Amino acid sequence: MVRLWLVVIVAALAFTVYALIDCATMPRQRIRSLGRGVWILLIVVLPVLGGVLWFLLGRAPASASPQPRYRGPEDDPDFLGEHAPERTRTDKDQDDATLRNLEEQFHDTDDDGRTDR
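Because the structure is predicted, anything quoted here is derived from the model rather than measured.

A. Focus on a nonpolar patch on the surface. Residues Met1, Leu4, Trp5, Val8 and Ile9 make up a contiguous nonpolar surface patch of about 580 Å² in total accessible area. Positionally, Ile9 belongs in helix α1 (residues 2–25). Here Ile9 falls in the exposed class, since its relative accessible area comes to 53%.

This is how it looks when you write it as structure tokens:
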């Protein structure tokens, strides 16, 4: 019986710590109802119940479609304006051309007039 209570206490503590970390690292836009400080206080004061309330009432669901993010200025059409270069060759096309060139060089070095025995 003591082992059962020990397992329940450890599980409750792990759930509370997880809820506390989730609340503390959640972006402000996804916190509903109360402020972050109040939610953290509720999770600490009411360990299991506060965590359950946080997951049911405090977290807003993630948006279905993530906002497009630009990795650099060359990916931003506003930055490039009308002077955006047209990409005629993709990276795959360039890789294929490089591979063909290397294969031709390799075959040229094999055809140097020697015969293998």
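That covers the picture; the talk isn't over yet.
B. The packing of aromatic side chains, seen in detail. Going through the model one piece at a time under the given rule, you end up with 3 aromatic pairs. Ring centres of Phe15 and Phe55 lie 5.7 Å apart, and the angle between their planes is 40°; on these two criteria the pair is classed as tilted. Of this pair, Phe15 sits in helix α1 while Phe55 is found in helix α3 (residues 47–58), placing the two residues 40 residues apart along the sequence. Aromatic pair Tyr18 and Phe55: ring centres 5.8 Å apart, planes at 15°, arrangement stacked. Separated by 37 residues along the polypeptide, Tyr18 in helix α1 and Phe55 in helix α3 bring together distant segments of the chain.

C. Main features of the side chain of Asp22. By the secondary structure assignment, Asp22 is in helix α1. For Asp22, a relative accessible area of 13% corresponds to the buried category. When near neighbours in sequence (up to four residues on either side) are disregarded, Asp22 contacts Trp54, Phe55 and Arg59.

Reading the values: the criteria
- Throughout this document, residue positions are counted from 1 along each chain, in the order its sequence is written.
- Only residues with pLDDT of at least 70 get local features here, since the model is predicted, and only at 80 or more are side-chain atom pairs given and counted; chain-wide, interface and lining totals rely on the full set of residues.
- As a convention, hydrogens and water are excluded, and side-chain values are obtained from all of the structure's heavy atoms.
- Here, patches come from residues exposed beyond 30% relative accessible area and free of salt bridges, joined within 9 Å for like charges and within 5 Å for nonpolar side chains (Val, Leu, Ile, Met, Phe, Trp, Tyr).
- Reported accessibility uses the Shrake-Rupley method at a 1.4 Å probe radius. Residues are deemed covered only where the shown protein chains occlude them.
- What makes a salt bridge here is a side-chain nitrogen of Lys or Arg within 4 Å of a carboxyl oxygen of Asp or Glu, nothing more.
- Secondary structure elements follow DSSP: runs of H or I no shorter than four residues count as helices, runs of E no shorter than two count as strands, and numbering proceeds from the N terminus.
- Using a 1.4 Å probe on the protein chains alone, a residue whose accessible area is under 20% of its type maximum counts as buried, one over 50% counts as exposed, and one in between counts as partly exposed.
- Two aromatic rings, drawn from Phe, Tyr or Trp (for Trp, its six-membered ring), form a pair once their centres lie within 6.5 Å of each other, and the interplanar angle then sorts them: stacked below 30 degrees, edge-to-face above 60, tilted otherwise.
- In this analysis, two residues are considered to be in contact whenever any of their non-hydrogen atoms come within 4.5 Å of each other.

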